[in-house]
Amino acid sequence: MTWIPALAVAGGVLALGPIIIHIIFRRRYQTVEFAAMRFLLDSLRRSRQRMRLEELLMIAMRVLICLLIGFMLADIRAESLLPGGRAPSATVFILDDSLSMQQRIGSGSLLDRAVDGIATMIEQMDEADMVAVMSSTRPGEADPVGTFRRAGELQDEGIARRLRRWGDTDLRSDLPTAIAAAGDLLATQPDRLGELRLVSDFRRVDFDGSQGGPLGRAATALEQDVELVLLDYGITGRRNLTLEQIALGAPMAVAGSPTPLRITVRNNGQEPSEPVSLTVRIGESTLPAQMIEPLDAGEAAVVEVSYSFEEPGFAAVHAELPADPLPEDNRGVLAVEVHEAMRILIVDGSDNPMHRDSPSFALAHALDPSGDGGFGQAVDVVAAARWTAADLDRYDLVLLADVGELPLEVDEAGQTHCPAVTALSQYVDHGGGLGVFLGGRTRPDFFNRWLHGEGDGLLPVRIEDEPPVELDPRQFVRLRADSLADAPALSVFLDDGAPFVALVRFYGHVPVSVPRGGEGNPGAQVLASFDVDPPAPALVRGGFGRGRVMVWATSPEPAWSNWRRNPSFLAAMNDLAWELARPHPSAHDRVGAAIDYTLGAALRDATSLAMQTPAYPDEDIQLVEAARIEGQRQISFSPTPRAGLYHLRATMADQSERTVLFSRHFDPREGALAKADEAAIAATVGREHRYFGDLAVDDVMELAARPQRSYWWLLMAAVMLMLGLESVLARRFGHYERRAESARSRVNR
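Residues numbered from 1 in each chain as written. Predicted model: local features only at pLDDT ≥ 70, side-chain atom pairs only at ≥ 80, totals over all residues. Heavy atoms only, no water.

1. Observations concerning the sheet that holds strand E36 (residues 644-651)
With mixed pairing, the five strands of this open sheet are ordered in space as E30-E37-E36-E32-E33. Each edge of the open sheet is held by one strand with a lone partner, namely strand E30 (588-590) and strand E33 (622-624). Strand-to-strand twist in this sheet, taken as the mean axis angle between neighbours without regard to direction, amounts to 30°. Bridging between strand E32 (residues 608-612) and E36 involves five bridges; their strand directions are antiparallel. From the neighbouring strand, Ser608 faces E36, where its bridge partner is Thr651. (Pairing = 2+ DSSP bridges. Helix = DSSP H or I, 4+ residues; strand = E, 2+ residues; numbered from the N terminus. Axes fitted to C-alpha atoms, helices over the stretch in contact; angles between N-to-C directions.)

2. Considerations on the environment of Trp387
Structurally, Trp387 is set in the loop between strand E20 (377-383) and strand E21 (397-401). Of the residues examined, Trp387 reaches a relative accessible area of 7% and is grouped as buried. Between the C-alpha atoms of Trp387 and Pro407, which are 20 residues apart in sequence, the distance is 8.5 Å. Discounting chain neighbours no more than four positions away, the residues touching Trp387 are Leu345, Val347, Val382, Leu392, Leu406, Ala420 and Leu424. (Buried < 20%, exposed > 50% of the residue type's maximum accessible area, 1.4 Å probe, protein only. Contact = heavy atoms within 4.5 Å.)

3. What to know about the sheet that holds strand E6 (residues 130-135)
Two pairing modes exist for strands in a sheet, parallel and antiparallel, and in both the strands are linked by backbone hydrogen bonds. Strand order in this open sheet of six strands is E7-E6-E3-E8-E9-E38, and the pairing throughout is mixed. In this open sheet, the two edge strands, each paired with only one partner strand, are strand E7 (144-150) and strand E38 (690-692). Taking each pair of neighbouring strands and ignoring which way they run, the sheet shows an average axis angle of 15°. Across four bridges, E6 lies against E7 in antiparallel orientation. Bridged to Met134 within E7 is Pro144. Docked against the sheet, helix H7 (residues 159-166) engages E6 and E7, running at close to 160° with respect to E7. Sheet contacts for helix H8 (residues 175-186): strand E3 (89-95), E6, E7 and strand E8 (193-200); angle to E3, the most-contacted strand, approximately 165°.

4. Focus: the nonpolar core
Counting 81 residues, the largest nonpolar core has Leu479 and Met573 as the members making the most contacts within it. Ranked by size, the runner-up nonpolar core spans 28 residues in total, among them Met101, Ile105, Ala114 and Val115. (Core = buried A, V, L, I, M, F, W, Y, C linked by side-chain atoms within 4.5 Å.)

5. Some remarks on the pattern of salt bridges
All chains considered together, the criterion is met by 29 salt bridges. For Arg149, the salt bridge is made with Glu153, and the minimal N-O distance between the two is 2.9 Å. Where Arg480 meets Asp482, a salt bridge forms, and the shortest distance between an N and an O atom there is 3.0 Å. What makes Arg480 partly exposed here is its relative accessible area of 27%. (Salt bridge = Lys/Arg side-chain N within 4 Å of Asp/Glu carboxyl O.)

Any link to function would need more than the numbers given here.
What follows is the structure, encoded as structure tokens:
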């Protein structure tokens, strides 16, 4: 039963009116003492009781009339408790079409049963009722039925077929936004009985913590006369393995070099999983199956594999688990842009970078032995005196090898600037990597002012003293074995590589300190120390914006150590490069995220662009327009409601075609199928509602869709009847006549 309590209370207050009026204006008798009236006293005493009963009866009838008026205004409705008239209604269905609703049950899915249930409820409605059906993942869209339509029209069109054509998505529900949008839509039908019917699987993850707060606020913000009906189609998923993530384990993929891949699998079921095999496929190649041992409920496992991509370009990595009750979260794909090589720039502080004893000689040969990028890293070397810091965006990593200082400039206002440091700061702030090797040419005043910047600059260290002038191979230090951090740049010295620590001798090092960082460089970490007393920092790592900086307090020159002759040097320099290299923008994101892409030089002259979505061929290829922004052609494609591969096909002037791949992955929370209990749902919703559970297995659609009837017209009829009866009794009891005679007598006096 539904009603408007405030109006009913107002009717109750109004019902006190006849009583108050009676008390104020009741007849008062004047006592006149004379002999003749004494004979009438007995008669008056006998009639007084009868008159009091008549007045009480009239007051009761008038009170009842006021109460009936209040209940009539309250618009009481109930589920056919009495044979009342059908209340005109406006109903908004919010259909949960998220990935979790694709959970299998029998020969169909939860979404199939929810669609059938909505169609059944609409069929049971009166033809004049207004109906809208809103998607929980895309509440702002016009489909499936984004505006109110008459139920009769939808019945004739076959609403079930229409909803099935609308289909499911791989998106996550946005229930707060959907509820708010439904409330706004219902506000356009103020003269109708408003109902909001939320059709979902009511998972715990949607009602816990940060997810439940916005949902509860949206529900309580609904108008009080809107009835909220919760239709629960969820079932507890006892088994469900989710392929939670697939990602590169390196900043970039380089052709010909082993690229690590990390795949995360989580057991979202309610019981331990069985051993399963993970299949990874790249192009036409299928990697050896990876076994995943049994996982407890909620436990995750990370599978690491390695693959060498043969050619630069775009490739797709597919991963798949055996099917379970939610097969859509058992597979994923990663679009990978494979680069020809990692581009590295070495700035050499010596006069002759090509000399074998220069700081960059051993460093360049360790990173690019063949000198042509054949080993996955292409190195360019430039002398610091001739370096302008131009075109830094071409490089994935910049190394400063025993650089003393960089050129300074004075502007028209007399201010001194270092353009190279400014360019480096912007480069690292945007995600680039910077490695610095200190040495005999290092000038503390320049580094501390321009690169360290008193804690706000690029370098996470401050140089405390001048570098040593003379180096004696007989006086050396080593790395402290107990100071080595578990960092990729030091992995060669860890575990089986521990003996290398004793073999590497450093004949000199630059004294540095690691002060607390400022806003630009929020702190630093000493990864290794020299075995002096007190320990001196050897390798320090810090952050700057979105990039990272590493400083070795020694030089790779032969006069400073014997390290370049040790096999560990080759491995350590390559590990350093891969740890610092700038991550390339990923073509991988979650479903729903727009595809924003800047056309590079290879596609700059494309004559037409088209996007093929994962739904192809069921969904047509869509043309894409490129906009010119800051001199570059860029595209933006949305929506992306499907997980999988998106192919951007570019047709060139010579009619050749080039393809760029993008991938979208479902939200991992969609695999959490544990249901919320009714108490948790009620606590989150925070307002009066009707709840119907187990609809996926029980046929209670008739109960959920039973129309409510309005009884205002019966109450109005009762009011009219009571008014007529009150008039008849008032005349029968002589109240009206006596009042008229009393009024005439007052006029005559």
